[in-house]
Amino acid sequence: MSQKADYWKANLRLIAFCLAIWFVVSFGFGIILVEPLNGISLGGYKLGFWFANQGSIYVFVALIFFYANRMGKLDREHDVHEDKDV
Amino acid sequence: MSLQATTYLVVGLTFALYIGIAIWSRASTTKDFYVAGSHVHPVANGMATAADWMSAASFISMAGLIAFMGYGGSLFLMGWTGGYVLLAMLLAPYLRKFGKFTVPEFIGDRYYSKTARIVAVICLIIASVTYVIGQMKGIGVAFSRFLEVDYNVGLVIGMGIVFVYAVLGGMKGITYTQIAQYCVLIFAYTIPAIFISMQLTGMPIPQLGLGSTMSGSEVYLLDRLDQVLTDLGFAQYTTQARLSSLNMFVYTMSLMIGTAGLPHVIIRFFTVPKVKDARSSAGWALVFIAILYTTAPGVAAMASMQSVRPGSRSGKRPACSRSKTRTATARSSTRPIRTSTR
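Computed from a predicted model, the values in this text were never measured in an experiment.

## Side note on helix H5 (residues 74-98) of chain B
Residues and elements named next belong to chain B.
Logical step 1: Between the first and last C-alpha of H5 there are 35 Å, a value that for 25 residues agrees with the 36 Å anticipated at 1.5 Å per step.
Logical step 2: Where H5 bends most, the angle comes to about 55°, and this point is Leu87.
Logical step 3: Of all 25 residues that make up H5, 20 are buried, and the element is covered over most of its length.
Logical step 4: Once H5 ends, the next one or two residues include Gly99, with phi positive near 75°.

As structure tokens, then:
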């Protein structure tokens, strides 16, 4: 039983971590902090504008793959992976 | 061959391809029909999800909206893609684990209630019907232009085609048709973008071109665009926001949550073999979506640039004039001055 609870806790911790990043890059950098970040430039982009227009999307993609990979590891560690029932 | 004949040929071949795929992959069991037998590869499912989800809004109108709204248009970019993070982490894997065909089925079983299930069905129908109305409007407009028929006739043709391949092939047929659609869609979108980017900045990748200098000068494209717009008395492209930060925040949030809850996207995750695949499949879907969504701001800014740059419209029209005209038309009703140089 505690094994299951551990798995669920680790799962929630991972989701919280990923969603924190998700929030910071889009709502944080792209909207709330856009003005101060626009003072910094990234090539021809203002940084805040870049996050809103491009950067947040790249981070979203990376986040989902990171999450999928970590969950795969968690599944194996807690022996709930599905490879055995194939 | 006349343009009309070429159009008929291309559109006809595309329809033939879609219907051919549906016949080839005919559904033979209930599981085939609803969830493609649950053995779609996660990358294939990602591509099909991308095509399924990127609709008239993304393909026809988003670049125009961003060109018009400048920085403020970013809420569509972040909102519509950010929803996939929620979907991948909070919804798709759990629904896939449950292993039934539909979301109402999940709700009904989870809460041991037939009433809950009926409520879920009603929500699903309302969401889907609203969505389909928008899409069908897009189909009607697109077909009436391409085939030069009446709007209603175009609408009926489009509906007929979708009906045939959806009923014949079920989810399996739809999956393969959508993969074909994605290829068509992404080619049609990125090629003009590559050319306009090359023409303006000498950089073929629009994502990088948008952050590059104008060809033959040291000035960055976005700086130049800001300057031209300010000179004409408009707000700067890169900072222009029609909404307050708070409004942008809640607008973006609502688009994200809305995206994560779309019934036709959720059901796509029932088609992969395992829970693990549902997670990575959401990632692949977003990769394929991101290809278009990171190109769109480039198209938007460059099309704006093309339409406001002093003297750019004299004499010959560049290869990219089609996409420019499209975005300019989308804007013309609301901001006549900026299109006057068309």
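Still more to cover.
## A short note on the interface of chain B and chain A
Logical step 1: The interface is formed by 45 residues belonging to chain B together with 39 residues belonging to chain A.
Logical step 2: Here chain B packs against chain A, burying approximately 3600 Å² in sum over the two surfaces, 71% of which is carbon and sulfur.
Logical step 3: Its largest share of buried area at the contact with chain A, chain B owes to Met78(B), Met89(B) and Arg279(B), together 19% of the area lost on that side.
Logical step 4: Here chain B and chain A share 2 salt bridges between them.
Logical step 5: Asp75(A) is the partner of Arg279(B) in a salt bridge, and the nearest nitrogen-oxygen pair spans 3.2 Å.
Logical step 6: Across the chain B-chain A interface, the total number found is 10 residue pairs in polar contact (both at pLDDT 80 or more).
Logical step 7: Contributions of two or more residues to the side of chain B that touches chain A are made by H5, helix H10 (221-231), helix H11 (245-260) and helix H13 (275-308) of chain B.
Logical step 8: The element that contributes the greatest number of residues to the side of chain B that touches chain A is H5(B), accounting for 14 residues.
Logical step 9: Here the side of chain B that touches chain A is composed, by residue class, of 27 nonpolar, 13 polar and 5 charged.

## As for the side chain of Asn45(B)
Residues and elements named next belong to chain B.
Logical step 1: Take Asn45: it is sitting in helix H3 (residues 42-53).
Logical step 2: Looking at Asn45, its side chain comes within polar contact range of the side chain of Ser281, at 2.8 Å.
Logical step 3: Excluding residues within four positions of it along the chain, Asn45 makes contact with Val40, Arg268, Phe269, Thr271, Val272 and Ser281.

## Looking at unusual backbone geometry
The phi torsion of most residues other than glycine is negative, and most of the peptide bonds are trans.
Logical step 1: The residue Tyr112(B) is not glycine, and still its phi comes out positive at about 45°.
Logical step 2: Assignment of secondary structure puts Tyr112(B) in the loop between helix H6 (103-110) and helix H7 (114-146).

## Considerations on the confidence of the model for chain A
Logical step 1: On average, residues of chain A score 88 in pLDDT, and 94% of them are at 70 or above.
Logical step 2: Here strand S1 (residues 41-42) of chain A is the element of chain A with the lowest mean pLDDT, 83, and helix H3 (residues 47-77) of chain A is the one with the highest, 92.

Calculation criteria
- Position numbers for residues start from 1 in each chain and track the written sequence from start to end.
- Starting at A for chains and at 1 for ligands, labels are handed out in the order in which the entities are written.
- Totals for whole chains, interfaces and linings use every residue, but because this is a predicted model, local features are given only for residues with pLDDT of at least 70 and side-chain atom pairs only at 80 or more, for both listing and counting.
- Hydrogen atoms and water are omitted, and side-chain values are computed over all heavy atoms in the structure.
- Per the convention used, a helix needs a DSSP run of H or I reaching at least four residues, while a strand needs a run of E reaching at least two, with both numbered from the N terminus.
- Helix span is expected to be 1.5 Å times the residue number reduced by one.
- Two axes enter the bend calculation: one fitted to the seven residues ending at the residue in question, the other to the seven starting there, and the bend is the angle between them.
- For every residue, the accessible area obtained with a 1.4 Å probe (protein chains only) is divided by the maximum for its type, and the residue is called buried under 20%, exposed over 50%, and partly exposed between those limits.
- A contact between two residues is defined here by any heavy atoms of the two lying within 4.5 Å.
- Defined here as a combined quantity, buried area equals the accessible surface (1.4 Å probe) lost by two parts on assembly, summed across both.
- Whenever a carboxyl oxygen of Asp or Glu lies within 4 Å of a side-chain nitrogen of Lys or Arg, that contact is scored as a salt bridge.
- Whenever two N or O atoms come within 3.5 Å, that pair is a polar contact, provided that in protein one can donate a hydrogen and the other can accept it, and provided that, for residues adjacent in sequence, both atoms are side-chain atoms.
- Put simply, Ala, Val, Leu, Ile, Met, Phe, Trp, Tyr, Cys and Pro go in the nonpolar bin, Asp, Glu, Lys and Arg in the charged bin, and everything else, Gly too, in the polar bin.
- Residue-level confidence of the predictor is what pLDDT reports, using numbers from 0 through 100.

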